[in-house]
Amino acid sequence: MKRDHWREDAACVGLDGDIFFPYRNNPETRWDEAKVICKRCRVKKQCLDLVINLEEHDDRWGVFGGLNPLERKELRIKLRRKV
């Protein structure tokens, strides 16, 4: 039977959202814990695909698909260059 949505398989399901939106932590390491979780996630690509299609001004926070906002911004630039 096919599942209704890929998010059900995400490694972050049920985890504290502060892990993925860690604004009060040390800027040098604040993304590390989230990225470790994303790295082992089976649906990381789907997560990133969903968020990368948002407008940049709507995507300024958190870790999605293993990338922080600056990394996603850089990816968008690369993707635009390919078009």
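Now for a description of the structure that goes with this document. Just so it is clear, the model here is predicted, and its values are computed rather than measured.

## Thoughts on the overall build of the protein chain
When helices and strands are counted, the protein chain shows three helices and zero strands. What you see in the protein chain, going N to C, is helices and strands ordered as α-α-α. When burial is assessed residue by residue, the protein chain has 29% of its 83 residues classed as buried. Residue pairs in contact within the protein chain that sit at least 24 positions apart in sequence constitute 48% of those at least 6 positions apart.

## Points about the packing of aromatic side chains
Per the counting criterion, the structure on display carries one aromatic pair. Centroid distance Phe-21 to Phe-64: 5.8 Å. Interplanar angle 75°. Geometry classified as edge-to-face. Taken as a pair, Phe-21 in the segment before helix H1 (32–39) and Phe-64 in the loop between helix H2 (44–52) and helix H3 (69–82) lie far apart in primary sequence, 43 residues in all. Using a relative accessible area of 34% as the deciding quantity, one classes Phe-21 as partly exposed.

## Considering the environment of Glu-71
Position of Glu-71 among the secondary structure elements: in helix H3. Not counting residues within four places of it along the chain, the set of residues in contact with Glu-71 comprises Lys-35 and Gly-66. From its side chain, Glu-71 meets the backbone nitrogen of Asn-68 in a polar contact 2.8 Å long.

## Examining the state of the cysteines
In the structure shown here, the tally under the stated rule is zero disulfides. For Cys-47, which is in no disulfide, the shortest distance to another cysteine sulfur is to Cys-38 and amounts to 6.3 Å.

## With respect to a nonpolar patch on the surface
Nonpolar side chains collect at one region of the surface, where Phe-21, Tyr-23 and Trp-61 lie side by side and expose about 310 Å² of accessible area between them. Position of Tyr-23 relative to the elements: it lies in the segment before H1. A residue is classified by how much of its surface remains accessible, and Tyr-23, at 37% relative accessible area, is partly exposed.

## Remarks on the side chain of Asp-59
With respect to the element layout, Asp-59 can be found in the loop between H2 and H3. Within the local environment of Asp-59, its side chain forms a polar contact with the side chain of Arg-72, the two groups lying 2.7 Å apart. Among the polar contacts made by the side chain of Asp-59, one reaches the side chain of Arg-76 at a distance of 2.7 Å. Apart from the residues lying within four places of it in its own chain, the contact partners of Asp-59 are Val-51, Leu-54, Pro-69, Arg-72 and Arg-76.

## Overview of H1
In an α-helix, one turn spans 3.6 residues; hence positions three or four apart end up facing the same way. Those residues of H1 that sit buried are Ala-34, Ile-37 and Cys-38. Each buried residue of H1 sits inside an arc of 100° when the element is viewed along its axis, so together they form one side. Of the exposed residues in H1, those oriented more than 90 degrees away from the buried face are Glu-33, Val-36 and Lys-39. On its buried face, H1 sits against H2.

Procedures and definitions
Residues numbered from 1 in each chain as written. Predicted model: local features only at pLDDT ≥ 70, side-chain atom pairs only at ≥ 80, totals over all residues. Heavy atoms only, no water. Helix = DSSP H or I, 4+ residues; strand = E, 2+ residues; numbered from the N terminus. Buried < 20%, exposed > 50% of the residue type's maximum accessible area, 1.4 Å probe, protein only. Contact = heavy atoms within 4.5 Å. Phe/Tyr/Trp six-rings, centres within 6.5 Å; stacked < 30°, edge-to-face > 60°. Polar contact = N/O pair within 3.5 Å; in protein donor to acceptor, adjacent residues only side chain to side chain. Disulfide = S-S within 2.5 Å. Patch = residues over 30% accessible without salt bridge, like charges linked within 9 Å, V, L, I, M, F, W, Y side chains within 5 Å. Areas by Shrake-Rupley, 256 points an atom, 1.4 Å probe, with all protein chains shown as cover. Salt bridge = Lys/Arg side-chain N within 4 Å of Asp/Glu carboxyl O. Arc of directions from axis to C-beta.

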